[in-house]
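So you can see what is in the structure, the chains are spelled out below.
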Amino acid sequence: MTANEYTTIMNLSEAPNREMRMADLAKAGGLSASRMTRLVDDLVTRGFITKRTSSVDGRGISRS
């Protein structure tokens with residue numbers, strides 16, 4: 001596991017309800033939005049986190 005992957009999972013585990021918007025997750029990890037999207041998609045594929053669409057505005061939310 002890379003440092004960016006660990007930081008992403010750590011940020012999610014410490015967030016309320018263990019979920020964050022993708023933009024907030026990218027900012028917390030110091031990554032671009034596109035880089036965070038690729039990282040999250042890889043973590044989803046590997047079964048570490050889940051990703052869903054927000055019922056409020058249709059934007060992506062990641063969960064640990």
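Residues numbered from 1 in each chain as written. Predicted model: local features only at pLDDT ≥ 70, side-chain atom pairs only at ≥ 80, totals over all residues. Heavy atoms only, no water.

Student: Explanation requested: the overall build of the protein in the structure shown.
Tutor: Looking only at helices and strands, one finds 3 helices and 3 strands in the protein. Across the protein, helices and strands are ordered from the amino to the carboxyl terminus as α-β-α-α-β-β. Looking at the protein as a whole, 28% of its 64 residues are labelled buried. Long-range contacts, defined here as pairs at least 24 residues apart, represent 48% of the contacts in the protein between residues at least 6 apart. (Helix = DSSP H or I, 4+ residues; strand = E, 2+ residues; numbered from the N terminus. Buried < 20%, exposed > 50% of the residue type's maximum accessible area, 1.4 Å probe, protein only. Contact = heavy atoms within 4.5 Å.)

Student: Looking at this structure, I do not really get the pattern of salt bridges. What am I missing?
Tutor: Note that side chains of opposite charge can pair when their charged atoms are close. This structure, assessed with the given rule, holds 4 salt bridges. Put simply, Arg52 and Glu19 hold a salt bridge, and the shortest N to O gap is 3.1 Å. On the criterion of sequence distance, the pair formed by Arg52 in strand β2 (residues 50–53) and Glu19 in strand β1 (residues 19–21) is long-range, its members being 33 residues apart. We note a salt bridge from Asp41 to Lys51, for which the minimum N-O separation is 3.0 Å. Residue Asp41 is located in helix α3 (residues 33–45), and its partner Lys51 is located in strand β2; the two are separated by 10 residues in the primary sequence. Since its relative accessible area comes to 38%, Lys51 is described here as partly exposed. Residues joined in a network through salt bridges with shared partners are Glu5, Asp42 and Arg46. (Salt bridge = Lys/Arg side-chain N within 4 Å of Asp/Glu carboxyl O.)

Without other data, these values stay purely geometric and don't point to any function.
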